[in-house]
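# Working through the structure, step by step
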Amino acid sequence: MAATKTATKPDPKSATRAKPKTGSRTSRRTRASAAAQDAIALLKADHREVKTMFEQFDKTEDDAEKATLAQKICTALKVHAQIEEEIFYPAAYEAIDDDDLLDEAEVEHASAKDLIAQIETSQPGEPLFDAKVKVLGEYIDHHVKEEEGELFPECRSSKMDLKTIGALMAARKQELMAAMA
Ligand SMILES: [Fe+2]
Ligand SMILES: [Fe+2]
């Protein structure tokens, strides 16, 4: 029978050595999730995603497509605003000395939410629907310029733990997207 030599040597070291070498799948996965966990990278990716949707909205003449895009834009922005308000902004208030900038950001969020609520209760083809989406896009453009041009660089050079904050936001984002789906 085969249970002879190896069975008489229960040596954990030799068992470890005997393990076959694995490929690089694990390390690739680790690198990918580490990149996704940076808070600023996550928020910038959200900004780009929503900008693309606004551009698609601007190009289409199809009402069904407009309705789908408007709904996606509103959901994405609500989730994005919520993870910033719940997690990123409070951490930034602690870490940077620029309360005016953060106060402005909160007011801009409130204005955007008003418009989002109006868009969510109307349909393509109704008066001002397209204009509301366009103006929301302009609001968001302005807000994103301030975040990426002023707030994020201040956060980047502060002591904020961007990886931990990013991981928290990624988890919360998943939760909120699932709840709104
Ligand atoms: Fe943002
Ligand atoms: Fe924001």
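The rules behind the values
- Residues numbered from 1 in each chain as written.
- Chains lettered and ligands numbered in written order.
- Predicted model: local features only at pLDDT ≥ 70, side-chain atom pairs only at ≥ 80, totals over all residues.
- Helix = DSSP H or I, 4+ residues; strand = E, 2+ residues; numbered from the N terminus.
- Buried ≥ 20, exposed ≤ 12 C-beta atoms within 10 Å, placed from the backbone.
- Contact = placed C-beta atoms within 7 Å.
- pLDDT = per-residue confidence, 0-100.
- Axes fitted to C-alpha atoms, helices over the stretch in contact; angles between N-to-C directions.
- Parallel < 35°, antiparallel > 145°, perpendicular 65-115°, else oblique.
- Left-handed = near helix turned anticlockwise from the far one by under 90°.
- Nonpolar A, V, L, I, M, F, W, Y, C, P; charged D, E, K, R; others polar.

On to the overall build of the chain. The number of helices and strands found in the chain is seven helices and zero strands. Tracing the chain from N to C terminus, the helices and strands come up as α-α-α-α-α-α-α. Within the chain, buried positions represent 20% of all 181 residues. Look at the contacts in the chain between residues 6 or more apart in sequence, and 76% of them connect residues 24 or more apart.

In this section: the confidence of the model for the chain. For the chain, per-residue confidence averages 86 on the pLDDT scale, and residues scoring 70 or more make up 80% of the total. Here helix α1 (residues 12–18) stands out as the least confident element of the chain, with mean pLDDT 41; helix α3 (residues 39–59) is the most confident, with 98. Considering only residues more than four positions removed or in separate chains, one finds that residues 1–35, a stretch of pLDDT under 50, has two contacts.

Moving on: the packing of helix α5 (residues 99–120) against helix α6 (residues 129–156). For the pair α5 and α6, the least separation of the axes is 10 Å and the interaxial angle reads 160°. As far as their axial angle goes, α6 and α5 are roughly antiparallel. Note on packing geometry: the crossing formed by α5 with α6 is left-handed. Here Leu101, Ala105, Glu108, Ser111, Ala112, Leu115, Ile116, Gln118 and Ile119 of α5 lie close against α6, whose contacting residues are Lys132, Val133, Val135, Leu136, Tyr139, Ile140, His143, Glu146, Glu147, Glu150 and Leu151. When grouped by side-chain class, the residues that make up the contact of α5 with α6 number 12 nonpolar, three polar and five charged.

Looking now at the packing of α3 against α6. Interaxial distance between α3 and α6 falls to 11 Å at its minimum, and their mutual angle equals 160°. With respect to α6, the axis of α3 lies roughly antiparallel. Considering how the two elements wind past one another, α3 and α6 form a crossing that is left-handed. Side by side, α3 and α6 meet where Ile40, Lys44, His47, Val50, Phe54 and Phe57 of the first sit next to Val133, Gly137, Ile140, Val144, Glu148, Phe152, Cys155 and Arg156 of the second. For the contact of α3 with α6, the per-class residue count stands at nine nonpolar, two polar and three charged.

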